[in-house]
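Given next are the chains, with one letter for each unit.
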Amino acid sequence: MEKVRVNLQERSYDICIGSNIIEKIGPKLKSLSSCRKIAVISNPAVNRFYGKKVLNSIKSSGFDAIPVIIPDGEKYKDISIVQKIYGELLKHRLDRKSALIALGGGVIGDITGFAASTYMRGIDYIQIPTTLLAQVDSSVGGKTGVNHKLGKNMIGTFYQPKLVWIDIDTLRTLPKRELLAGLAEVIKYGVIWDAKLFAFLENNRDKIISLDRKALTYLIKRSCEIKAAVVSKDERESGLRAILNYGHTIGHAIETATGYRKYLHGEALAIGMRIEARLAERLGFITGRTAQRIKALIDEYCLPSEMPAKINLKSMMSSMQLDKKSVAGELKFILPERIGKVRIQKMALKVLSTDLRPA
Ligand SMILES: NC(=O)c1ccc[n+]([C@@H]2O[C@H](COP(=O)([O-])OP(=O)(O)OC[C@H]3O[C@@H](n4cnc5c(N)ncnc54)[C@H](O)[C@@H]3O)[C@@H](O)[C@H]2O)c1
């Protein structure tokens with residue numbers, strides 16, 4: 001098993017990465033926690049494959065295990081679902097010593113983390129991410145939250161898990177489109193931090209798509225190392241952590257303008273990365289060749305790289321103005337300087353208007 005440590009003083013934790021380890025979560029928790037009751041939050045799709053394995057494993061290790069199943073989908077990343085979770089936790093008398101497990105993708109992880117951070121002023125939680133996006137990104141770093149109808153992730157907390165337990169074999173049941181969307185986040189790490197990872201993605205497409213274990217372990221571990229390094233330096237996004245938002249400012253606005261229906265998060269991110277690379281080229285920060293390499297890699301993994309023909313630009317602009325990172329009409333954009341290095345650039349939104357036009 002591979003291990004990556006997220007160093008945050010008393011909030012430090014391990015990310016464990018392995019093949020076929022989901023049923024070993026019970027013994028691991030026994031060595032980690034003195035809690036008695038654990039609620040496992042999941043959705044029907046993930047629960048069908050992995051619910052029993054996790055529940056049985058934690059029960060055999062002596063814990064009381066309570067399954068809590070919530071509906072599947074981004075539209076349920078909503079405060080009303082958190083209320084339902086609180087209801088289940090209270091009904092089963094989970095107390096301050098209890099813990100939650102997030103078993104699922106980023107939606108389950110974000111909701112569970114938020115519920116854990118607020119239930120009885122904060123209880124422990126463990127991430128068992130089952131999508132690639134959650135394994136390389138959302139399960140690490142402690143950003144939790146839910147959406148509001150006026151904007152994505154507008155309600156939330158910073159709250160670190162006690163453990164991230166990644167079984168790469170859960171990706172075998174993940175729909176291909178979801179796998180590719182997760183790879184968008186890995187491409188992001190290549191652009192912002194690691195030219196070697198970027199080249200690995202360029203040179204190993206077939207192995208990655210066919211879920212070769214060695215290739216997957218490398219790219220998941222490397223992504224977690226990068227996220228851990230950034231988060232350890234800047235837990236609450238007062239500086240460096242902003243670089244993880246490469247592609248996201250525009251990506252989030254696309255998701256909001258299309259009502260979270262047309263694109264998966266990683267797909268909207270892919271378009272955002274392409275547009276922000278084109279902007280960096282227009283401003284002279286990168287060469288046309290570098291911008292082209294980024295677009296080619298996005299295309300290679302069958303991700304969208306152009307703005308959709310029919311998109312409400314006004315709604316995109318206003319959602320960017322509402323972005324948590326927007327201050328007095330200016331937004332921080334993360335723009336590449338070369339593959340493996342980005343800069344944080346404050347810019348007025350209007351600078352963007354030509355870049356956002358549909359292809
Ligand atoms: N907290 C953070 O730092 C952070 C970072 C990036 C993204 N996010 C959030 O993550 C969310 C997106 O996460 P996601 O892409 O994982 O989507 P998701 O959680 O909606 O999962 C995608 C789909 O895959 C299914 N699924 C999950 N694992 C499966 C498996 N192993 N086999 C079969 N089906 C499986 C789910 O049921 C769902 O239908 C967004 O809400 C985004 O805002 C958070």
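This one's a predicted model, so the numbers in the text were calculated from it and none came from an experiment.

Trainee: Which parts of the structure should I look at to understand helix α3 (residues 79-91)?
Mentor: For α3, spanning 13 residues, the distance from its first C-alpha to its last is 18 Å, which sits close to the expected 18 Å at 1.5 Å a residue. Looking only at α3, the buried set comprises I81, V82, I85, Y86 and L89. The buried residues of α3 occupy an angular sector of 150° when projected down its axis, which confines them to one face. Away from its buried face by more than 90 degrees, α3 exposes Q83, K84, L90 and K91.

Trainee: Hey, could you run me through the side chain of D167 in this one?
Mentor: Structurally, D167 can be placed in strand β9 (residues 163-167). K53 is the oppositely charged side chain nearest to the buried, salt-bridge-free D167, at an N-O distance of 7.1 Å. One polar contact links the side chain of D167 to the main-chain amide nitrogen of I22, over a distance of 2.8 Å. Those residues in contact with D167 that sit more than four places away from it in its chain are G18, S19, N20, I21, I22 and Q135.

Trainee: Can you walk me through the site of the ligand in this structure?
Mentor: Surveying the vicinity of the ligand reveals 27 residues, the closest of which are E74, G106, T130, T131 and T173. Within the side chain of D72, one N or O atom sits 2.9 Å away from an oxygen atom of the ligand. E74 is positioned such that a nitrogen or oxygen atom in its side chain is 2.7 Å from an oxygen atom of the ligand. With the chains in place, 90% of the 860 Å² that the ligand exposes on its own is no longer accessible.

Scoring rules and cut-offs
Residues numbered from 1 in each chain as written. Predicted model: local features only at pLDDT ≥ 70, side-chain atom pairs only at ≥ 80, totals over all residues. Heavy atoms only, no water. Helix = DSSP H or I, 4+ residues; strand = E, 2+ residues; numbered from the N terminus. Expected span 1.5 Å × (residues − 1). Buried < 20%, exposed > 50% of the residue type's maximum accessible area, 1.4 Å probe, protein only. Arc of directions from axis to C-beta. Lys, Arg positive; Asp, Glu negative; His and termini not counted. Salt bridge = Lys/Arg side-chain N within 4 Å of Asp/Glu carboxyl O. Polar contact = N/O pair within 3.5 Å; in protein donor to acceptor, adjacent residues only side chain to side chain. Contact = heavy atoms within 4.5 Å. Near = heavy atom within 4 Å. Areas by Shrake-Rupley, 256 points an atom, 1.4 Å probe, with all protein chains shown as cover.

That's the geometry; what it means functionally is another story.
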